[in-house]
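Architecture at a glance
The primary structure of each chain is shown beneath.
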Amino acid sequence: MRSLIKFELKKMLTRRVAIVANVGMLLMLTVVMGLNVVQTKTEGNIGEILSGPTAIAHRRDVTEARAGELTPERVAADIAHYQDIAYEKLDPEELAEMSNATAYEVVAETYDDATRLELYDPYYITILKPWAVKGLEPYQYASRVTPEMALDFYGALADSLQVTLDEGMGGEWVYSPAERAYWTQMEDGVPEPLTYGWAGGWDNILDCAAFLVFIVFAMCVTVTPLFASEYRDGTDAVLLSARYGRGRLVSAKLLAAILYATVLFALGVAIICGVSLVFYGAEGASLPIQNYALASPYALTMWQAAAMYVGVFYLVMLGMLALTLALSALTPSTLAIIVTDVVVLFVSGLLPSAGSGLLRHVFTLFPMGLQSAFDLFASLFSYPLGPVVLDLIGTAALVYCALVVVGVPVAWRAWCRHQVA
Amino acid sequence: MELVLDRLTKQYGPKIAVDRVSARLRPGVYGLLGANGAGKTTIMRMICGILRPSSGEISLDGRSIAELGGEYRARLGYLPQDFGYYPEFTALDFMEYMAALKGVDARAARARSLELLDRVGLAGEEHRRIRTFSGGMKQRLGIAQAVLNDPDVLVLDEPTAGLDPKERVRFRNLIAGFATDKIVLLSTHIVSDVEYIADSILMMRAGSFIMQGSPAEVVRGVKGMVWEARVPVRKADELASRVPVVNVHHDGDGMATVRFLSSEPHVAELSAVPVAPTLEDLYLHVFDESGAEHTGAAVPVTAVEGQRCSRRRGVHFGGGRHA
């Protein structure tokens, strides 16, 4: 079996198209991740533009200066401090009535760079989030937060979840009582107080893991000929007439494909995680996911969320692998298989779903629909299956596992029943 | 050991590719002859278990090959007509891959592979990639893989295609040395290949076996019908339009020696003399130059055992479709 796997790997990986696809995608991923670092920009303490690792270091310093537990008392004190700074020279009511652009200009003209930058400090934006008004600058709504309200920071967070459920994805989705209970119960499980801190590396992994879809595409290109080329090149006759042509050979092909795909995926993950953790730092792994998205109802740490997101993409890859293998065993046309893969992988992300919550829920399950970690951990996508409610992570896992469960036997059966006519 | 084809039929929609063929094959070399589309490849694919018959059954020693599955395939060697290969594999890679597929012990696989590569004249080429091989080299590699597992049943579909005369001799010797106590079924368009090594000839037309016997037996079917005459060159052309001409040799003095087939005694006008028939004469008699069946005068044939009942259907030797 081992030698069969070895030869199947050799068959797969010595094709020029496969070499170009694999090396090309890994190189592209490295370049994209590198550019991500190089193109990071932020304003320094005096408003100067910083870029690359310097910008990252500055962001880290700014965040670490505020690191610590978000106790209600601390939140209340810090919001009060924010209000003091923001409204030292400006009237909060006048600011609240301005458009966000006008308010921004007024603040920029009134305060020096250091103060302006402090008003936009991510920390303050985070603690003001439960009272945030879409389309307004933080200093426009900060005045509404009374000390009592600030002391009930976690109550406000829980309330904002209910508001989100009431709004139902902008009116596109009506959450059933079971779904509401599901999310409410999940949110109740988030430990308090939250800890604020720098988790840039993990944050970047969550932002960039979707690039793994390109690795999945390279895998599809490589695996497509696994069965199809045997039909096309006329090797099927010899293979199927051999002793193990309908048993061990299929196992060897499947195992070789899984092994290759897993190694390629691991390389992709290594590039994404390696660049992220080296340049943004590995600290903050045990900080809660709420550092990435405060509205997230998940009781996960940053590393757990990153691992889960990568895991979802691994399942996506296995599902696409199974789909590709099934198609490969059913048709000799590699072009038709690759076109199908491209449609499933990429075109599905371009399909409009505005206005239909159902379509949005369906399209989000496609690989490109899973490109946003925020959707996965904070957008409250839920799928009621009778009395059972699954979140986006669970449903995506179910869909891609189902693809594996169906696709692999289809591939097996199609190959074994193939007639050389 | 006995391989039995029992009323084997393969039908593609209204087209019957193989029409209720029955035969009992015991150890020996069987040469399968027939024009393109006669059903040779279809029968071979069914024997190799890679094409399901529409009806009928193939059994080895009384057990259906479908039921035997891997056990049967372990005893089978097959060289398909359009032999596919992996361009990036070396010859040795390919042999070892096939050895693993055929269940040849991993330790013995390399030695056996090298031995066979040597026997087919590929010694020294084992580490060359197959994509750099000539057509003949690929064909020899295909022959080597077919016998890798020392099969009891060896099926070779057009094994000599692409081989030069020297390679064909080597192939014949390889098969002759290999065939003891084994069933070897080979199809070819090169009649002389089977004439030399086949113990039995199976002639196919329109999906049916139309004759079977040793080369000498089947050739007797055209005994007295093969002639040679020395005629003027222009007369040779005229003759070709009247009767099947096997060979024309221009003697250089405005005359030509013509070998032709005829059951008519009109040859006297040509001063033709009867000559000993060959398998090629028989083939030409059964199939015209285009490969289609010859509808001229019939010659006596030896019917294949078990085939007589199938003569109720399909097109058969002697012309006409039986009801």
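As the structure is a prediction and not an experimental result, all values here were calculated from the model. (Residues numbered from 1 in each chain as written. Chains lettered and ligands numbered in written order. Predicted model: local features only at pLDDT ≥ 70, side-chain atom pairs only at ≥ 80, totals over all residues.)

1. Focus: the overall build of chain A
Quick reminder of the rule: Numbering of helices and strands runs from the N terminus; a helix is a DSSP stretch of H or I covering at least four residues, while a strand is a stretch of E covering at least two. With C-beta atoms placed from the backbone, the exposure class of a residue follows from how many other C-beta atoms lie within 10 Å of its own: 20 or more, buried; 12 or fewer, exposed; in between, partly exposed. Note on contacts: each residue gets a C-beta atom placed from the backbone, and two residues are in contact if those atoms are within 7 Å.
Scanning chain A from terminus to terminus reveals 22 helices and six strands. The 421 residues of chain A split such that 39% are buried. A fraction of 75% describes how many contacts in chain A between residues 6 or more apart in sequence connect residues 24 or more apart.

2. Thoughts on the packing of helix α14 (residues 212–223) of chain A against helix α18 (residues 302–330) of chain A
All names here are of chain A. Selection rule: Lines fitted to C-alpha atoms define the axes, with helix axes restricted to the stretch in contact, and inter-axis angles between N-to-C directions lie between 0 and 180 degrees. Reported orientations rely on four angle classes, namely roughly parallel under 35 degrees, roughly antiparallel over 145, roughly perpendicular from 65 to 115, and oblique for the rest. Crossings are sorted by hand: turned counterclockwise from the far helix by less than a right angle, the near helix makes the crossing left-handed, and turned clockwise it makes it right-handed. Charged means Asp, Glu, Lys or Arg here, nonpolar means Ala, Val, Leu, Ile, Met, Phe, Trp, Tyr, Cys or Pro, and polar covers whatever is left, Gly included.
Taken N-terminus to C-terminus, the directions of α14 and α18 make an angle of 25°; their axes are 10 Å apart at the nearest point. On the basis of their axis angle, the class for α14 and α18 is roughly parallel. As for how α14 packs across α18, the hand of that crossing is right-handed. Judged by residue contacts, Leu212, Val216, Met219, Cys220 and Val223 of α14 engage Phe313, Val316, Met317, Met320, Leu321, Thr324 and Leu325 from α18. Counted by class, the contact of α14 with α18 contains 11 nonpolar, one polar and no charged residues.

3. Points about the domain arrangement of chain A
Residues and elements named next belong to chain A. This is how the line gets drawn: Domain boundaries shown here were taken from an automatic or database domain assignment.
Taken domain by domain, chain A holds domain 1 (2–38 + 197–416) and domain 2 (64–191). Between the C-alpha centres of domain 1 and domain 2 the distance comes to 37 Å. Tallying the contact residues gives 16 residues for domain 1 and 21 residues for domain 2.

4. Things to note about the sheet that holds strand β9 (residues 200–205) of chain B
Residue and element names in this part refer to chain B. Applied cut-off: Any two strands between which DSSP finds at least two bridges are classified as paired.
What the six strands build is an open sheet, ordered β6-β7-β8-β3-β9-β10; its pairing is mixed. Edge positions in the open sheet fall to β6 (76–79) and β10 (208–213), since each of these has one partner strand only. Going from strand to strand, the sheet's axes swing by 15° on average, the running direction of each strand aside. Two strands pair when backbone bridges link them, and strand β3 (residues 28–34) and β9 are joined in this way by five bridges, in the parallel orientation. Bridge pairing in β9 links Tyr30 to Ser200. This element, helix α6 (residues 135–146), spans β6 and β7 (153–157) of the sheet and lies at about 170° to β6.

5. Brief notes about unusual backbone geometry
Between Glu192 of chain A and the following residue, Pro193 of chain A, the backbone shows a cis peptide bond with an omega angle of -5°. Structurally, Pro193 of chain A is set in the loop between α12 (177–188) and β4 (195–196). For Asp150 of chain B, which is not glycine, the phi torsion reads 50° and is therefore positive. Tracing the backbone through its elements, the reader meets Asp150 of chain B in the loop between α6 and β7.

6. A closer look at the environment of Ala178 of chain A
All names here are of chain A. Considering the arrangement of structural elements, one finds Ala178 in helix α12. Measuring from C-alpha to C-alpha, the distance between Ala178 and Ala326 comes to 36 Å, with 148 residues separating the pair along the chain. Those residues in contact with Ala178, other than ones at most four positions away along the chain, are Pro384, Pro387 and Val389.

7. Thoughts on the domain arrangement of chain B
All names here are of chain B. The assigned domain composition of chain B is domain 1 (3–218) and domain 2 (220–295). Placing a centre on the C-alpha atoms of domain 1 and another on those of domain 2 gives a separation of 33 Å. Between domain 1 and domain 2, the contact holds 15 residues from the first and 12 residues from the second. The set of elements that each furnish at least two residues to the side of domain 1 that touches domain 2 consists of α8 (191–197), β9 and α9 (215–219).

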